[in-house]
Amino acid sequence: MDFTYDDEQDALRDAVRGLVGKTYADFETRRRTVAEDPGFDEKLWARLAEMGILGLPFAEADGGVGAGPVEISIVAQEFGRVLAPEPFLTSVVLAGGLVAAVGSDEQRAEVLGALAAGESVLAFAHAEPGARWADTASAVTAQKDGDDWTLTGIKEPVPHGARADLLVVSAVLPEGGGTGLFLVSPDASGLTRAGYATHDGGRAARVAFDGTPATALGEAGRDLESSIATVQDIARVMACNEAIGAMEYSLDATTSYLKSRKQFGVTLNTFQALTFRAADMYVSLELAKSIVTWATMVVAAGTPEEVAAGAARAALQVSRSGRHVGQEAIQLHGGIGMTAEYSIGSYTSHLTALDHLLGDGNHHLKVLAATVADYDEVDPLS
């Protein structure tokens with residue numbers, strides 16, 4: 001099976017790398033960008049829209065490009081390589097993916113068209129205090145009064161929730177109807193948003209609803225748990241791709257440091273023990289790349305059940321590899337790796353944030369363990 005990119009995919013990679021790589025070639029530029037709200041470069045966001053990057057996943061009828069998961073993964077990897085703080089993963093892949101999956105024709109055209117044009121930032125308000133990566137809502141409830149809906153409750157953390165121009169909110173439907181999705185305007189009554197910086201330089205918010213008017217996304221009153229689960233699985237795979245980009249940079253930076261930093265009159269790569277540790281980093285990265293490439297292809301052609309299994313397997317391996325690569329990168333850099341001014345610690349911090357965004361390694365290990373009995377037994381002696 002051929003895993004190499006075709007000419008168009010290579011051109012996409014080069015274009016994205018040329019834009020975000022040039023913007024954040026100097027890590028100090030990234031540091032200055034995340035130090036001020038909204039935590040990303042809005043001019044770069046507009047340029048990504050001009051290139052068609054923000055519309056990649058969406059159908060042409062909805063103002064998008066109609067690209068596939070492989071193309072999305074290429075963009076995610078390039079973002080991870082330079083720790084680009086723009087909310088491509090959470091706004092385009094996750095929130096935009098939900099609108100594309102369940103929204104009406106009018107909603108898709110309006111919401112996704114604005115997102116693809118760079119005129120809007122979406123945020124998916126789904127995580128809740130005390131909950132752990134569920135596909136259902138519990139803390140925010142929806143009430144219906146005639147044809148109108150209102151929401152009450154709290155969502156936290158909501159990635160880029162304070163900056164978002166439109167919120168996609170999950171809520172408990174009345175009378176045991178399951179979990180629905182709603183669109184909420186940032187200027188809706190009863191809505192309060194408290195934004196804050198995350199440890200990796202990103203942004204999140206605590207979003208509270210108090211009888212807040214909302215519009216049902218797609219068919220009103222429909223249980224959308226399965227759609228939420230599938231879109232989150234797709235976002236997990238793309239988060240894994242972003243982590244691959246971050247790990248690739250971490251390994252490259254570490255090996256370069258070992259070749260240039262001298263101790264006792266020789267470069268650090270002279271010491272066999274350090275070279276072996278760098279080799280172990282490479283093995284961890286290659287294990288992650290292999291399974292993430294496979295999971296991306298499953299997203300392109302698999303059923304929702306297959307996508308869920310692929311996402312869990314990829315997320316588990318990336319969780320382990322990311323922790324290993326990040327920690328070893330800091331250790332092999334020595335004292336400078338512990339400083340906030342040096343980039344390698346920020347890469348490890350972002351790998352940790354990606355690991356916890358949609359379920360950490362322990363969570364996915366439990367998910368996979370629960371389905372072990374579903375597979376046929378194999379007699380090792382037969």
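Residues numbered from 1 in each chain as written. Predicted model: local features only at pLDDT ≥ 70, side-chain atom pairs only at ≥ 80, totals over all residues. Heavy atoms only, no water.

A. Here's a closer look at the packing of aromatic side chains. All chains considered together, the criterion is met by 5 aromatic pairs. Ring centres of W149 and F182 lie 5.2 Å apart, and the angle between their planes is 55 degrees; this geometry places the pair in the tilted category. One end of the pair, W149, is in strand β3 (residues 148–159); the other, F182, is in strand β5 (residues 179–184), and 33 residues separate them in sequence. Looking at W149, the relative accessible area reads 6%, which means it is buried. Residue class for F182 comes out buried when judged on its relative accessible area of 1%. What links up through ring pairs into an aromatic cluster is the set F27, Y249 and Y347. (Phe/Tyr/Trp six-rings, centres within 6.5 Å; stacked < 30°, edge-to-face > 60°. Helix = DSSP H or I, 4+ residues; strand = E, 2+ residues; numbered from the N terminus. Buried < 20%, exposed > 50% of the residue type's maximum accessible area, 1.4 Å probe, protein only.)

B. Summary view of the pattern of salt bridges. For the coordinates displayed, the defined rule picks out 16 salt bridges. Of the charged contacts, one joins E28 and R31 as a salt bridge, the two residues approaching to 3.1 Å between their closest N and O atoms. With a gap of 3 residues between them, E28 and R31 both fall in helix α2 (residues 27–35), about one helical turn apart. Assessed through its relative accessible area of 35%, E28 is described here as partly exposed. Among the residues examined, R31 registers a relative accessible area of 25% and is labelled partly exposed. Measuring nitrogen to oxygen at the nearest pair gives 2.7 Å for the salt bridge that ties R236 to D233. With a gap of 3 residues between them, R236 and D233 both fall in helix α7 (residues 225–260), about one helical turn apart. Assessed through its relative accessible area of 9%, D233 is described here as buried. Here the residues in one salt-bridge network are R17, E78, R81, E248, E286 and K289, joined through shared partners. (Salt bridge = Lys/Arg side-chain N within 4 Å of Asp/Glu carboxyl O.)

C. View of the side chain of R108. Looking at where R108 falls in the secondary structure, it is placed in helix α6 (residues 105–116). With residues up to four places along the chain from it excluded, the contact list for R108 reads D62, V99, A100, G103 and G113. (Contact = heavy atoms within 4.5 Å.)

D. Structural detail: empty space enclosed by the protein. A full pass over the atoms with the stated rule returns 1 cavity of 30 Å³ or more. Roughly 30 Å³ of volume is contained in the largest cavity. Contributing to the lining of the largest cavity are L173, G180, L181, F182, A216, L217, E219, A220, G221, R222 and L224. Sorting elements by how many residues they give to the lining of the largest cavity places β5 first, with 3 residues. Of the residues contributing to the lining of the largest cavity, the split by class is 7 nonpolar, 2 polar and 2 charged. (1 Å grid on protein atoms, 1.4 Å probe; cavity = no way out; pocket = protein on both sides within 12 Å on 5 of 7 lines; lining within 4 Å. Points joined across faces, edges and corners; volume = space filled by probe spheres on them. Nonpolar A, V, L, I, M, F, W, Y, C, P; charged D, E, K, R; others polar.)

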